[in-house]
Amino acid sequence: MQPSPVLGERPIGKRLRIHARISVILLCATAFALPVWGRLLPWLIGLFLLNWIISGVYLRTAQLLLRERLRFRTLGFSLVYLAYVAGLIHTRNTAYATEDLVLKLSLLIFPLTFATSLFPVPSRTLRKILAGWFLAGCVAGSLMLLTRAAWQTWALHQAGAFYYTALSWHFHTSYFSLYLVFAIAILLRTLLVPDRAGESMHFMPRLAMLLLFTWMIVLLSSKSGLLTLATTIVLFTVVLWLKQHAWKTAVGFISLSTATLVILMILFPGATGRLAQARQEVSGENKAAKEARSTGDRMMVWKASARVISGHWLTGVGTGDVKDALLEQYRSDHLDQVLKLKLNAHNQYIQTLVALGVPGLLLLAAMFLLPWLRSLGMHDWVYFSFLTMTAISFLFESMLETQAGVVFYALFNAVLFSTGEEDPARDPVQVALRQG
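None of the values given here were measured: they were computed from a predicted structure.

Caption draft 1: Here's a closer look at the nonpolar core. Counting 117 residues, the largest nonpolar core has F134, F182, F213, F408 and F412 as the members making the most contacts within it. Among the elements that line this core, the one with the most residues is helix α11 (residues 173-192), at 14 residues. Leave out the neighbours within four places in its chain, and F134 touches A31, P35, Y179, F182, A183, I186, F408 and F412. Judged by nonpolar contacts, the second largest core, of five residues, contains L16, A20, V57 and L118.

Caption draft 2: Region of interest: empty space enclosed by the protein. If you walk through the whole model with that rule in mind, you get three cavities of 30 Å³ or more. By volume, the second largest cavity amounts to about 80 Å³. Along the walls of the second largest cavity sit T74, F77, V80, L107, P111, M367, Y409, A410, N413 and A414, which together make up its complete lining. Of all elements in the fold, only α8 (106-115) and α21 (403-418) reach the threshold of two or more residues within the lining of the second largest cavity. With four residues, the top contributor of residues to the lining of the second largest cavity is α21. Broken down by class, the residue content of the lining of the second largest cavity amounts to eight nonpolar, two polar and no charged.

Caption draft 3: Quick look at the environment of E328. Positionally, E328 belongs in helix α17 (residues 322-332). Separated by 24 residues in the primary sequence, E328 and A304 place their C-alpha atoms 9.6 Å from one another. At 2.9 Å, the side chain of E328 forms a polar contact with the side chain of R331.

Caption draft 4: Layout of the pattern of salt bridges. The full count for this structure, using the stated rule, is eight salt bridges. For D380, the salt bridge is made with R127, and the minimal N-O distance between the two is 2.7 Å. Of this pair, D380 sits in the loop between α19 (348-377) and α20 (381-394) while R127 sits in helix α9 (residues 124-154); the two residues are 253 residues apart in sequence, bridging distant segments of the chain. Judged by relative accessible area, which is 7%, D380 ranks as buried. A relative accessible area of 12% places R127 in the buried class. In this structure, R307 and D333 form a salt bridge, with 2.8 Å as the shortest nitrogen-oxygen distance. On the criterion of sequence distance, the pair formed by R307 in helix α16 (residues 294-311) and D333 in the loop between α17 and α18 (336-341) is long-range, its members being 26 residues apart. Overall, D333 belongs to the partly exposed group, its relative accessible area being 22%. One connected set of salt bridges, linked through shared partners, spans D100, K104 and E401.

Caption draft 5: Examining a nonpolar patch on the surface more closely. On the surface, a cluster of nonpolar side chains totalling about 570 Å² of accessible area is made up of V234, V238, W241, L242, W247 and V251. Where the nonpolar patch is concerned, the elements lending two or more residues are α13 (223-243) and α14 (247-267). In this structure, W247 sits in helix α14. The class of W247 is partly exposed, set by a relative accessible area of 47%.

Analysis parameters
Residues numbered from 1 in each chain as written. Predicted model: local features only at pLDDT ≥ 70, side-chain atom pairs only at ≥ 80, totals over all residues. Heavy atoms only, no water. Core = buried A, V, L, I, M, F, W, Y, C linked by side-chain atoms within 4.5 Å. Buried < 20%, exposed > 50% of the residue type's maximum accessible area, 1.4 Å probe, protein only. Helix = DSSP H or I, 4+ residues; strand = E, 2+ residues; numbered from the N terminus. Contact = heavy atoms within 4.5 Å. 1 Å grid on protein atoms, 1.4 Å probe; cavity = no way out; pocket = protein on both sides within 12 Å on 5 of 7 lines; lining within 4 Å. Points joined across faces, edges and corners; volume = space filled by probe spheres on them. Nonpolar A, V, L, I, M, F, W, Y, C, P; charged D, E, K, R; others polar. Polar contact = N/O pair within 3.5 Å; in protein donor to acceptor, adjacent residues only side chain to side chain. Salt bridge = Lys/Arg side-chain N within 4 Å of Asp/Glu carboxyl O. Patch = residues over 30% accessible without salt bridge, like charges linked within 9 Å, V, L, I, M, F, W, Y side chains within 5 Å. Areas by Shrake-Rupley, 256 points an atom, 1.4 Å probe, with all protein chains shown as cover.

What follows is the structure in structure tokens.
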């Protein structure tokens, strides 16, 4: 894409370059903080939004939204947020609706700021910078969890500190596993489908991170994490075989990946036990329905959610009433344990269907289907992997109902979708970083 006339013919002033540098720094800090300490995210995103408002860059770029398709399409992702705003029309619980809309603000902030950014499109340079900081955050977050587990095991003599929720003490295991799987996808792309311009990171650090992240996923023992990891491995095997025409490399890669996973699961059998437990609950072999079991809980919640949907399938119950409607249905179905835990639908598609009805669900599906087609056309395997693993995670978690999920999806979806091929000499991120 050629630079926009407004930005290409008029020089970028020093003030805008300073704001661009601040934006990059805050985005990098957000990417790093995601897998390290989520409490920093509202502050970082708030500063990012404030910097955008003060910069006034949208006064120069707003006119381009209807002239540049990529900007317009990037802004289109904010429709999900606007649908939740529209859900206020038939909402009674306005307090919960307000809280929910504040939580989901990232769905509006990132598409809006990227669509009206200083850059014609966020550059390949920005993608690589953010990927590097996110990888660093995943390493830091993993080491933080492992260090705490080691202290609890050897100093405090606590059993099971390296396993499941005891290991991921301040993160839901499914979300932290998802971050690690995305990090693995970034690394696999650099190793198996290298960039034409080459990669700056050496082989051994990337291999070490791959092993660390895979080990962590096994220790976390999230079923959705293991499923998305397996899906990512299969995806890159297919890419190697069909797109790169390197069938020997493909066979070697999937064989080595499978052997590594099997060895890790034998050495650390907690994940195997959780998978066996899930199979028992699905098959009905485990009759302990009153216990708080993740898979069993989800199945009961999905059935209760279906009853709510049956009476509000067209418009949903409203943005603010979704929680009340689910809790009332749990009470009617005598799901005491689920009611006590106040669980959401544990499936984003169902959660959206309960809140916004069929139109909301169709809009959410479009947010995946259209970018999927674009990523396939561009052979953008990192973005395709991101969409696939997020779509799978949506089946098991209501990701847009939590900060850990909504920021991850909104940030990286905006970055990956709006990334375009650029002339390095005109790369606005490089210009903004070099000049000051």
